[in-house]
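# Reading the structure
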Amino acid sequence: MIQLTRILSLFVFLLLCCVSTSHAQQSNSCGLMIMAHGGSEQWNEAIEDVVAPVMKKFPTSIAFGMADHETLKASISELEKQNIDCIAVVRLFMSAQSFLHQTEYLLGLREDEPPFFISHHGPGHHAEPPTPVEFNGKIAISQTALLDAPEVGNILATNALALSDSSGNESVLVIAHGAGDDQVNEQWLQKLDVLSETLRETGLFRSVGVHSLREDWEDKRPKAEQGIRDFVVEHSENGNRVIVLPFRLFGFGPYAEVLDGLTYESNGKGLLPHSEVSQWIERMAGQLFSELSEDVDT
């Protein structure tokens, strides 16, 4: 009888704990916002595919666009419908600095406006800076990006090995978007070079190079293009092969045009589709959820 009483008491205790935990989760339920550049239908579908595994674990919405006021607002509204009161924002960009100031301002995390706003709706739209999006809960934003993600090194190695003939007569060229500012562009290349260590560690490649096209800056691009072409020409002499890896989320971008007339191998895919991007998103979300939980506790 005493044993039965103890069992019943334990059952009631566990039941109360479950109810208490459920209530706590409901009162402090965090959602996940994924910010991504946005592009063609195929581009957007590739993002949706890589986010899909994460959506099964957390309330999740995607805000396409480069820190666009309207898509951020729509994303928050979508999460609010799922009864969340805190948001982790994972920015699915290459560089940690991409649109960070504008994002923080629009999400109410800083009061100073960025020097200029990137418009997504044509010249003249938002002539006046848009007001921050209203949200009453806590928000935490990722401060790193794919250039800082060790998972990306694994993706580069996987893509290169899939194209390799294991002859030992191959070189790899990783091409990134880059930046207009020389110092920032050098930071891109340094981080990309660190990620490319996974390629060197395979021991299969004669040389591994990293270049940026600096594709949005007319005064910087010609020299960058020439450097890219020079690498391919030099490392494809005497029957050697060059594998080109685009350091982009999706697709080959303008690199086919840049490399026109040269001999090289590439799958043209970018980083997607690859499960390690999903794993990176989940890892970043977990860090932000912990940060938000600490804010609530304090």
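Summarised in this report is the structure supplied together with it. What you are looking at is a predicted structure, and each value in this text was computed from that prediction instead of being measured. All residue numbers here refer to positions counted from 1 along the written sequence of the relevant chain. Where local features are concerned, this predicted model is filtered to residues with pLDDT of at least 70; where side-chain atom pairs are given and counted, the filter is 80 or more; whole-chain, interface and lining totals use all residues. Heavy atoms from the whole structure form the basis of all side-chain values; hydrogens and water molecules are not counted.

## A word on the side chain of S164
- Along the chain, the position of S164 falls in the loop between α5 (150–163) and β5 (170–176).
- Whenever two N or O atoms come within 3.5 Å, that pair is a polar contact, provided that in protein one can donate a hydrogen and the other can accept it, and provided that, for residues adjacent in sequence, both atoms are side-chain atoms. Here the side chain of S164 touches E170 through a polar contact of 2.6 Å, side chain to side chain.
- Note on definitions: a residue-residue contact is assigned when non-hydrogen atoms from the two residues lie within 4.5 Å. Excluding residues that lie within four positions of it along the chain, S164 makes contacts with E170, L204, F205, R241 and I243. Each helix is a run of H or I in the DSSP string that is no shorter than four residues. Each strand is a run of E no shorter than two, and both are numbered from the N terminus.

## Some points on the layout of surface pockets
- Points on a 1 Å grid over protein atoms alone make up a cavity when a 1.4 Å probe fits among them but cannot get out, and a pocket when they form an open set with protein on both sides within 12 Å along at least five of seven lines; lining residues each have an atom within 4 Å of a point. Grid points are joined across faces, edges and corners, and a volume is the space filled by probe spheres set on the points. What the largest pocket holds in volume is close to 1,200 Å³.
- Only α4 (100–106) and α6 (182–195) provide two or more residues apiece to the lining of the largest pocket.
- With four residues, the single largest contributor to the lining of the largest pocket is α6.
- For the lining of the largest pocket, a count of residues per class yields 21 nonpolar, ten polar and six charged.
- The volume enclosed by the second largest pocket comes to roughly 160 Å³.
- In terms of lining, the second largest pocket is formed by N185, L189, V210, H211, S212, R214, K220, K223, A224 and G227.
- Those elements giving two or more residues to the lining of the second largest pocket turn out to be α6, β6 (205–212) and α8 (221–235).
- Any residue that is not Ala, Val, Leu, Ile, Met, Phe, Trp, Tyr, Cys, Pro, Asp, Glu, Lys or Arg is counted as polar, Gly included; the first ten are nonpolar and the last four charged. Considered class by class, the residues forming the lining of the second largest pocket number three nonpolar, four polar and three charged.

## Re the environment of A176
- Relative to the assigned elements, A176 resides in strand β5.
- Using a relative accessible area of 1% as the deciding quantity, one classes A176 as buried.
- Put simply, A176 and H211 are 35 residues apart on the chain and 6.3 Å apart in space, counted from C-alpha to C-alpha.
- Contact partners of A176, with chain neighbours within four places excluded, come to W188, L192, H211, S212, L213, F247 and Y255. Using a 1.4 Å probe on the protein chains alone, a residue whose accessible area is under 20% of its type maximum counts as buried, one over 50% counts as exposed, and one in between counts as partly exposed.

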